[in-house]
Amino acid sequence: MFKKIIIIICLFFLTGCALSINDMSYEEIINMNLSENNLSNVNSVGYKYYLPINFSLYQDDGYNQILLSGSNLYYMYIDVVSYHYKKDMSTEHGLDDFKYYEFEKNGKKGYLKITKNNDNFFVELCYNYAIIEVEVKEKDLKYAVSRSTMILSSIKYNDLVIERNVVDDNTDIVENVYSIPEPENKNNNKNVLEYIKEDE
C-alpha cells in the first residue's frame, strides 16, 4: 500500500508540475526562452542560429529569411549593420497594441509588440539585432512568441565575416560596361535585336 501511495505522489509531481506555455504570461515565456543557447543548425552569411523542431527554412535571401511552421510563415530580418555598430533597434508603442513588452538580457535589448488584425494577431518580436514577424490565430500566439524568442536568442554573429561584408563593403560585384552595337542608320525602324541578328 505504501508503494502505491509513493508512486501516485511521484506521478502527481511529475505530471502536475509541468507548466504549459498557455498557462504562462508573455513575459514569463520570453524570460524562459532567453537562455544562452550554443546550439545551431542553420548557417548563413555572417550568422548562424537554431531552428526548433516543427520549423523549416522556407526561403533564404541572405539577411531576410522566411521560416515555416505548420501553415504560418515567420519573416526574419537580421540587422547586421545595427549589430556591428551596436545600435539599438526600436519601435513605437501604439495605444491600440494588444500587448507591448520591452526586455533586456546580457546588454541586448528587445521588445514584443502584438497588434490585433480582425481575427488574427500580428506578432513583432525584436531581440539580438534581429526581428521576427508573423501573423497567427489567437490560439497560436504564445507558441509563436516562445519559438521566435528561442530562435532570436540563439543567433550567433561572425564578426570577421560581418566586418568584411558590411564595413569594408567587399562585394564580389564588378561593374562591366557593355557596348551595344547600333545601326549606322538610326532612322531605321528596327530595334537593336533585329539589327544584331542581321549583322551576324
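The structure displayed is predicted, hence computed values, not measured ones. (Residues numbered from 1 in each chain as written. Predicted model: local features only at pLDDT ≥ 70, side-chain atom pairs only at ≥ 80, totals over all residues. Heavy atoms only, no water.)

An account of the pattern of salt bridges is requested, with residue identities and associated values reported.
Side chains that differ in charge, positive against negative, can pair when their charged atoms come close. As enumerated under the stated definition, the model contains three salt bridges in all. Between Asp-88 and Lys-109 there is a salt bridge, with the nearest N and O atoms lying 3.6 Å from each other. Separated by 21 residues along the polypeptide, Asp-88 in the loop between helix H3 (80-85) and strand S6 (99-105) and Lys-109 in strand S7 (residues 108-117) bring together distant segments of the chain. When its relative accessible area of 42% is taken as the criterion, Asp-88 is described as partly exposed. Across the pair Asp-140 and Lys-139 runs a salt bridge, and its minimum N-O distance is 3.4 Å. (Salt bridge = Lys/Arg side-chain N within 4 Å of Asp/Glu carboxyl O. Helix = DSSP H or I, 4+ residues; strand = E, 2+ residues; numbered from the N terminus. Buried < 20%, exposed > 50% of the residue type's maximum accessible area, 1.4 Å probe, protein only.)

Could you give me a rundown of empty space enclosed by the protein, with the residues and numbers involved?
Throughout the structure, instances matching the rule amount to one cavity of 30 Å³ or more. Empty space within the largest cavity amounts to approximately 80 Å³. Every residue along the wall of the largest cavity is listed here: Lys-87, Asp-88, Met-89, Gly-107, Lys-108, Lys-109, Cys-126, Asn-128 and Tyr-129. Of the residues that constitute the lining of the largest cavity, the class distribution is three nonpolar, two polar and four charged. (1 Å grid on protein atoms, 1.4 Å probe; cavity = no way out; pocket = protein on both sides within 12 Å on 5 of 7 lines; lining within 4 Å. Points joined across faces, edges and corners; volume = space filled by probe spheres on them. Nonpolar A, V, L, I, M, F, W, Y, C, P; charged D, E, K, R; others polar.)

Please provide a residue-by-residue account of the packing of aromatic side chains, values included.
Under the defined criterion, the tally for this structure stands at ten aromatic pairs. A ring pair is formed by Tyr-47 and Tyr-63, whose centres lie 6.0 Å apart and whose planes are at 35°; its orientation type is tilted. Of the two residues, Tyr-47 is situated in strand S2 (residues 47-49) and Tyr-63 in the loop between strand S3 (56-61) and strand S4 (64-69); the sequence distance between them amounts to 16 residues. Owing to a relative accessible area of 3%, Tyr-47 belongs among the buried residues under this scheme. Put simply, the rings of Tyr-47, Tyr-49 and Tyr-63 pair up and form one aromatic cluster. Between the NZ or CZ atom of Lys-86 and the centre of the ring of Tyr-83, over which it lies, the distance is 3.7 Å. The ring of Tyr-26 carries Lys-142 above its face, with NZ or CZ at 5.5 Å from the centroid. (Phe/Tyr/Trp six-rings, centres within 6.5 Å; stacked < 30°, edge-to-face > 60°. Lys NZ or Arg CZ within 6 Å of the ring centre and 35° of its normal.)

Report on the pairing of strand S9 (residues 130-137), specifying residues and quantitative values.
The sheet contact formed by strand S5 (residues 72-78) and S9 spans four bridges and is antiparallel. Bridge assignment links Tyr-75 to a residue of S9, and that residue is Glu-133. The pairing of strand S8 (residues 120-127) with S9 spans eight bridges and is classified as antiparallel. Of the residues in S9, the one forming a bridge with Phe-122 is Glu-135. (Pairing = 2+ DSSP bridges.)

Just give me the short version of the packing of helix H2 (residues 26-33) against helix H4 (residues 141-153), but keep the residues and values in it.
Two measures define how a pair of helices packs: the angle their axes make with one another and the distance between the axes. Look at H2 against H4: their axes get within 9 Å of each other, and the N-to-C directions meet at 30°. Classified by the angle their axes make, H2 and H4 are roughly parallel. Crossing geometry of H2 relative to H4 is assigned as right-handed. For the pair H2 and H4, contact is made by Tyr-26, Ile-29, Ile-30 and Asn-33 and by Leu-141, Lys-142, Val-145, Ser-146, Thr-149, Met-150 and Ser-153, respectively. (Axes fitted to C-alpha atoms, helices over the stretch in contact; angles between N-to-C directions. Parallel < 35°, antiparallel > 145°, perpendicular 65-115°, else oblique. Left-handed = near helix turned anticlockwise from the far one by under 90°. Contact = heavy atoms within 4.5 Å.)

A description of the confidence of the model for the protein chain should follow, citing residues and the corresponding values.
Per-residue pLDDT for the protein chain has a mean of 80; in total, 72% of the residues score no lower than 70. This stretch, residues 170-175, has a pLDDT under 50; its non-local contacts, to residues over four places away or in other chains, come to two contacts. (pLDDT = per-residue confidence, 0-100.)

Explain the layout of surface pockets residue by residue, including any values.
One number sums up the size of the largest pocket: a volume of about 150 Å³. What lines the largest pocket is simply Asp-88, Met-89, Ser-90, Thr-91, Tyr-100, Glu-102, Phe-103, Lys-109, Gly-110 and Tyr-111. If you list the elements that add at least two residues to the lining of the largest pocket, you get S6 and S7. Classifying every residue of the lining of the largest pocket gives four nonpolar, three polar and three charged.

Break down the nonpolar core for me, citing the residues and quoting the values.
Most often, soluble globular proteins keep nonpolar side chains buried together rather than apart. Of all hydrophobic cores here, the largest spans 43 residues; its most connected members are Tyr-49, Leu-112 and Tyr-157. Leaving out residues up to four positions away in the same chain, Leu-112 has contacts with Tyr-26, Ile-30, Lys-99, Tyr-100, Tyr-101, Phe-103, Val-123, Glu-124, Leu-125 and Val-145. (Core = buried A, V, L, I, M, F, W, Y, C linked by side-chain atoms within 4.5 Å.)

An account of the sheet that holds strand S10 (residues 156-157) is needed here, citing residue identities and associated values.
Taken in spatial order, the three strands of this open sheet run S1-S2-S10, and their pairing is antiparallel. What marks the edges here is a single partner per strand, and that holds for strand S1 (42-44) and S10.

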